[in-house]
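Chain by chain, the residues run as shown.
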Amino acid sequence: MSNHTSRWAAALRRNEGPAYRVIADAIAADIQSGQLTANQKLPTLRVLAAALDLNFTTAARGYAEAQRRGLIDSRPGVGTVVREAVRADPVKRPLAASLIDMTMNMPPEPGDPALLERFRDGIASLQRVDPYDLLRYQEFGGSFDDRAAGVRWLAPRLPGLATQRVLVCPGVQGALLALFTVLARAGDAIACEAVTYPGIKGIAAHLGIRLIGLPIDDEGIDPEAFGALCAADPPKALYCNPTLLNPTTATMSLQRRQAITEIARRHAVPIIEDDAYGFLPAQSPPPLATLAPELTFYITGFAKHLGAGLRIAYLCTPNVRYTARVQATLRTTSVMASPLSVALATRWIDDGTVVASTTAIREESKLRQNIARRVLRQAQYVAHPEAFHLWLSVPQPWNRIEFAAHLRSHGVGVVVSDTFTVSGGAPEAVRVCLGGASSRDDCQHSLEIIEDAIEQHPALASRVM
């Protein structure tokens, strides 16, 4: 056993906290004291696990936590080493003193060493590609091979999809901007959920498009309200997020999807189906695009299945005529998706990394939803067992603004319902994301703060004297 692993083993014996965090704290302490220096090689995971008498997964989580804090790096062909320039304050601050960000709806980051190795191998594989192939202009909307890869990934949701109807886009947001531009003009109206994904609010405001919010229930859009709107003055399109609606996690049943698509077909209203979360549930109803393929523009991407940094999405149009129109708009708004990212996306589709990542995220989300069920005993909220966010009702006498401010003062960030509300009064609710870079322990700690706030009266929780 080396000197530093001996010190880390002693730290584990002295501390009762999570072993992975003790490892990261011990690495930070050795860096601060000069016991570890820049570029110094650290033990392999198997050696570390044996030296500290831990299982491989716990040792891997320890290194992952140290890497998240900016203390160490993992380099292909070299191993794990101390970073050249460590952050000025490498020791993680106490949880109460740092913000646990539950605002951005990011997937959890599974600490599975095999999955992390897949990611590293995929990124390293780009070094073997002719760099000029990745630095030139590519076909607008993606090459045939990259579109075909998208078709292979989408096959479980959209069987029989023609490659000519698929476009590779720089993220779901870029695809939505192109579609709003193609389907509507300034002053036109697009219908959507009354409480919906806030990204379309920004796009609509930018383009001068009016959003008409339709009432929703635990299955999403109310068909009667949609039908009445179409009968009176059909919108230029219907935008919806039918699976794990952001923020409420509502999922349309098959019957609801059939009702919505029948109304859209009757009034010739195009559908923009944002299926960003569609692959997360192990079982979910078929996409609207399979029920009304002649009307539906289907979009999904990797932000919720791998990570938000891989800005690649796939847009499926109703026909090749629309493919050409959207392709021309994408050329104007974004030129093309990054060839580096597209190459990585295609590789990860073909070698199974996307499926492995989605499966790992699904399982980690289930574990975190179990934590929420265990901790939030007094809370009223809606969620899906395989989603990584939940929709929390704010109890009286709290209001949503006071509640969110109180949580932030205690180191937890959540998003108030106003951000998602298109029409009508904003409900007294907040969205809570269980994913991101935070660990399960951080997740549980923040949920405990939320539960504690629910049990308090606002006046008693105030810090103002």
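As the structure is a prediction and not an experimental result, all values here were calculated from the model.

Enquirer: Let's hear about the environment of Leu-229: which residues, and what values?
Expert: Take Leu-229: it is sitting in helix α10 (residues 223–232). Each C-alpha atom, one on Leu-229 and one on Ala-191, is 8.8 Å from the other, the two residues being 38 residues apart in sequence. Once residues lying within four places of it in the same chain are set aside, the contact partners of Leu-229 are Ala-191, Ile-212, Leu-214, Pro-234 and Pro-235.

Enquirer: Tell me about the sheet that holds strand β13 (residues 380–383), and please be specific about residues and values.
Expert: Taken together, four strands build an open sheet; the order of strands is β13-β14-β17-β16 and the sheet is antiparallel. What marks the edges here is a single partner per strand, and that holds for β13 and β16 (415–416).

Enquirer: Let's hear about the pattern of salt bridges: which residues, and what values?
Expert: Scanning all chains against the criterion turns up 18 salt bridges. Taking the shortest distance from any N to any O, the salt bridge between Glu-262 and Arg-265 comes out at 3.6 Å. Here Arg-265 and Glu-262 lie together in helix α11 (residues 254–267), a separation of three residues that amounts to about one turn. Classification of Glu-262 by relative accessible area gives partly exposed; the value is 36%. Between Glu-364 and Arg-368 there is a salt bridge; the shortest N-O distance is 2.9 Å. Remark: Arg-368 and Glu-364 occur in helix α15 (residues 353–375); sequence separation between them is four residues, near one turn of the helix. Like Arg-368, Glu-364 is buried. A network of salt bridges, in which partner residues are shared, links Asp-25, Glu-65 and Arg-69.

Enquirer: Report on unusual backbone geometry, specifying residues and quantitative values.
Expert: In this model, Asn-246 is joined to Pro-247 through a cis peptide bond whose omega is 25 degrees. Here the residue pair Gln-396 and Pro-397 is connected by a cis peptide bond, since its omega of 5 degrees sits within 30 degrees of zero. Tracing the backbone shows Pro-397 in the loop between β14 (389–393) and α16 (400–409). The backbone phi angle of Leu-244 is positive, close to 55 degrees, even though this residue is not glycine. In this structure, Leu-244 sits in the loop between β9 (237–240) and α11. By relative accessible area, which is 0% here, Leu-244 ends up buried. A positive phi angle, close to 55 degrees, is found at Ala-268, a residue other than glycine. The class for Ala-268 is exposed, based on a relative accessible area of 57%.

Enquirer: Lay out helix α14 (residues 339–350) in plain terms, naming residues and giving numbers.
Expert: Over its 12 residues, α14 extends 16 Å from the first C-alpha to the last, a length consistent with the 16 Å expected when each residue adds 1.5 Å. All of the buried residues in α14 are Pro-339, Ser-341, Val-342, Leu-344, Ala-345, Thr-346, Trp-348 and Ile-349. Elements in contact with the buried residues of α14: α5 (113–125), α6 (131–135), α7 (144–154), β4 (166–169), β12 (313–316) and α15. One or two positions beyond α14, positive phi appears at Gly-352, with a value near 90 degrees.

What counts and what doesn't
Residues numbered from 1 in each chain as written. Predicted model: local features only at pLDDT ≥ 70, side-chain atom pairs only at ≥ 80, totals over all residues. Heavy atoms only, no water. Helix = DSSP H or I, 4+ residues; strand = E, 2+ residues; numbered from the N terminus. Contact = heavy atoms within 4.5 Å. Pairing = 2+ DSSP bridges. Salt bridge = Lys/Arg side-chain N within 4 Å of Asp/Glu carboxyl O. Buried < 20%, exposed > 50% of the residue type's maximum accessible area, 1.4 Å probe, protein only. Expected span 1.5 Å × (residues − 1).

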